[in-house]
Amino acid sequence: MTGTFTNAPAEGFTPGGPARPDSRPAVSASGVSKIYGAGDAAVHALRGVTVGFARGAFTAIMGPSGSGKSTLMHCLAGLDVVSKGSVVLGDIEITGLDDRRLTLLRRERVGFVFQAFNLLPTLTAEQNILLAVELAGGKVDRSWFDHVIEVLGLRDRLKHRPSELSGGQQQRVACARALVSRPEVIFADEPTGNLDSRSGAEVLGFLRASVREMGQTIIMVTHDPVAASYADRVVFLRDGEVVSELAGPTPDRVLDELKRLGA
Ligand SMILES: Nc1ncnc2c1ncn2[C@@H]1O[C@H](COP(=O)(O)OP(=O)(O)OP(=O)(O)O)[C@@H](O)[C@H]1O
Ligand SMILES: [Mg+2]
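Note that the coordinates shown come from a computational prediction; the quantities given were computed from them, not determined experimentally.

A.B. asks: What am I meant to see in the side chain of Arg55 here?
C.D. replies: For Arg55, the location among the structural elements is in the loop between strand 2 (43-54) and strand 3 (58-62). There is a polar contact of 3.3 Å between the side chain of Arg55 and the backbone oxygen of Pro25.

A.B. asks: Sorry if this is basic, but what is going on with the sheet that holds strand 6 (residues 110-113) here?
C.D. replies: Strand pairing in a sheet takes place through backbone hydrogen bonds and is either antiparallel or parallel in direction. Pairing is mixed across the open sheet formed by six strands, whose spatial order is 6-7-8-3-9-10. Two strands in the sheet have a free side with no partner beyond their single neighbour: strand 6 and strand 10 (241-247). For this sheet the average axis-to-axis angle between neighbouring strands, irrespective of direction, equals 20 degrees. The pairing of strand 6 with strand 7 (residues 185-189) spans four bridges and is parallel. Along strand 7, the bridge assignment pairs Gly111 with Ile186. Helix 2 (residues 99-109) rests against strand 6 and strand 7 of the sheet, and its axis sits at about 75 degrees to strand 6. The sheet strands contacting helix 5 (residues 167-179) are strand 6 and strand 7, and the helix crosses strand 6 at an angle near 170 degrees.

A.B. asks: I tried to follow the packing of helix 5 against helix 6 (residues 197-214) on my own but got confused; where do I start?
C.D. replies: Each packed pair of helices is defined by two parameters, the angle between the axes and the distance between the axes. Where helix 5 meets helix 6, the axes come as close as 9 Å, and the angle between the chain directions of the two elements is 20 degrees. For the element pair helix 5 / helix 6, the angle class is roughly parallel. Two packed elements cross with a definite hand, and for helix 5 against helix 6 that hand is right-handed. Of the residues in helix 6, those touching helix 5 at Gly168, Gln169, Gln171, Arg172, Cys175 and Leu179 are Ser199, Glu202, Val203, Phe206, Leu207, Ser210 and Met214. In the contact of helix 5 with helix 6, the residues fall into six nonpolar, five polar and two charged.

A.B. asks: Can you walk me through the layout of surface pockets in this structure?
C.D. replies: Empty space among the atoms becomes apparent when a probe as large as a water molecule is rolled across them. In this structure, the largest pocket encloses a volume near 670 Å³. Every residue lining the largest pocket is counted, 26 residues in all, and those nearest its centre are Arg106, Arg107, Val110, Ala132 and Val133. For the lining of the largest pocket, the elements supplying multiple residues, two or more each, are helix 2, strand 6, helix 3 (125-135) and helix 5. Looking at the lining of the largest pocket, the element that brings in the most residues is helix 3, giving five residues. Grouping the constituent residues of the lining of the largest pocket by class yields 13 nonpolar, six polar and seven charged.

A.B. asks: What should I look at first to understand the site of ligand 1 in this one?
C.D. replies: Residues in close proximity to ligand 1 include Tyr36, Val43, Ala45, Pro64, Ser65, Gly66, Ser67, Gly68, Lys69, Ser70, Thr71 and His223, which together make up its full environment. Between an oxygen atom of ligand 1 and a main-chain N or O atom of Ser67, the distance comes to 3.2 Å. Within the backbone of Gly68, one N or O atom sits 3.0 Å away from an oxygen atom of ligand 1.

A.B. asks: I'm lost on the sheet that holds strand 5 (residues 92-93) in this one. Help?
C.D. replies: Spatial strand order, 2-1-4-5: four strands in an open sheet with antiparallel pairing. In the strand order of this sheet, the two ends are held by strand 2 and strand 5, each with one partner. Summarising the sheet, strand 1 (residues 25-36) and strand 4 (residues 84-89) pair through five bridges and their orientation is antiparallel. Of the residues in strand 4, the one forming a bridge with Ala29 is Val87.

A.B. asks: For this particular structure, what's the right way to read the pattern of salt bridges?
C.D. replies: Note on pairing: side chains with opposite charge can pair once their charged atoms come close. Scanning the model with the defined rule gives 15 salt bridges in all. The salt bridge partner of Lys159 is Glu126, with a shortest N-O separation of 2.8 Å. Of the two residues, Lys159 sits in the loop between helix 4 (142-151) and helix 5 while Glu126 sits in helix 3, which places them 33 residues apart along the sequence. The salt bridge involving Arg172 is made with Glu202; its shortest N-O contact spans 2.8 Å. Within this pair, whereas Arg172 is found in helix 5, its partner Glu202 is found in helix 6, the two being separated by 30 residues in sequence. For the pair Arg172 and Glu202, a shared accessibility class is recorded, and that class is buried. One salt-bridge network, in which partners are shared between bridges, spans Arg55, Asp91, Arg109 and Glu184.

Conventions and cut-offs
- Residues numbered from 1 in each chain as written.
- Chains lettered and ligands numbered in written order.
- Predicted model: local features only at pLDDT ≥ 70, side-chain atom pairs only at ≥ 80, totals over all residues.
- Heavy atoms only, no water.
- Helix = DSSP H or I, 4+ residues; strand = E, 2+ residues; numbered from the N terminus.
- Polar contact = N/O pair within 3.5 Å; in protein donor to acceptor, adjacent residues only side chain to side chain.
- Pairing = 2+ DSSP bridges.
- Axes fitted to C-alpha atoms, helices over the stretch in contact; angles between N-to-C directions.
- Contact = heavy atoms within 4.5 Å.
- Parallel < 35°, antiparallel > 145°, perpendicular 65-115°, else oblique.
- Left-handed = near helix turned anticlockwise from the far one by under 90°.
- Nonpolar A, V, L, I, M, F, W, Y, C, P; charged D, E, K, R; others polar.
- 1 Å grid on protein atoms, 1.4 Å probe; cavity = no way out; pocket = protein on both sides within 12 Å on 5 of 7 lines; lining within 4 Å.
- Points joined across faces, edges and corners; volume = space filled by probe spheres on them.
- Near = heavy atom within 4 Å.
- Salt bridge = Lys/Arg side-chain N within 4 Å of Asp/Glu carboxyl O.
- Buried < 20%, exposed > 50% of the residue type's maximum accessible area, 1.4 Å probe, protein only.

Dropping the structure here:
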């Protein structure tokens, strides 16, 4: 077993602390606008968003329903194209890449954890974790795999199928799958939305540990102030714009800010 971390958010964690965030952002958006539809039916989902996400840091994105959180995440991850502005992921300007290159970029540089765990039911936990790397034609680094499994506490669950695992364990498998290819960034959209609070805390603790102990960069959309408090920083959106942010968030401070924004 691991025993080197707890499921609680890191006390006193600050950027520049153990995870040593790099000064270059892992992902950044400059003047990003996203318009769905045209004419009278046009929806301005993002209106000139400029924001950077530090390497080796855990950032939460929050805001009222419809404020553009998922749209921003999709544009940052190359799942959707921007209408205006630019997105840089690692050292690559992704704006203007064609579908094929975007698919490759996602496979090679990005990990995803969604609300629904998206595990394949007929494969074991281990096969699910390794599938993405194998599909991308990559070689699995066994010592890294072992480390991820250790940190996520999955050693004795590897031969189980998803139906034989709890919700929290399934989401930990999904996290391992995202971590094992050492992506530039992991994007998580409501990763604890389908979990009870204990399993949710467990998964958030493991995400936190992967930032602290592996230097992973994580961007997570959440509605939950407690989930957001595991992050190093919270970015708030309203009506498609970044309106404020909090460093070293606590659930109370996040809640106050959400109230102020009318969420
Ligand atoms: N494919 C689409 N076509 C048209 N409009 C869209 C599309 N996707 C999102 N929108 C609109 O863009 C705006 C932002 O949506 P988005 O899904 O980013 O919000 P959100 O902050 O993630 O909300 P929630 O908290 O409810 O998930 C909303 O007004 C939404 O209706
Ligand atoms: Mg959303």
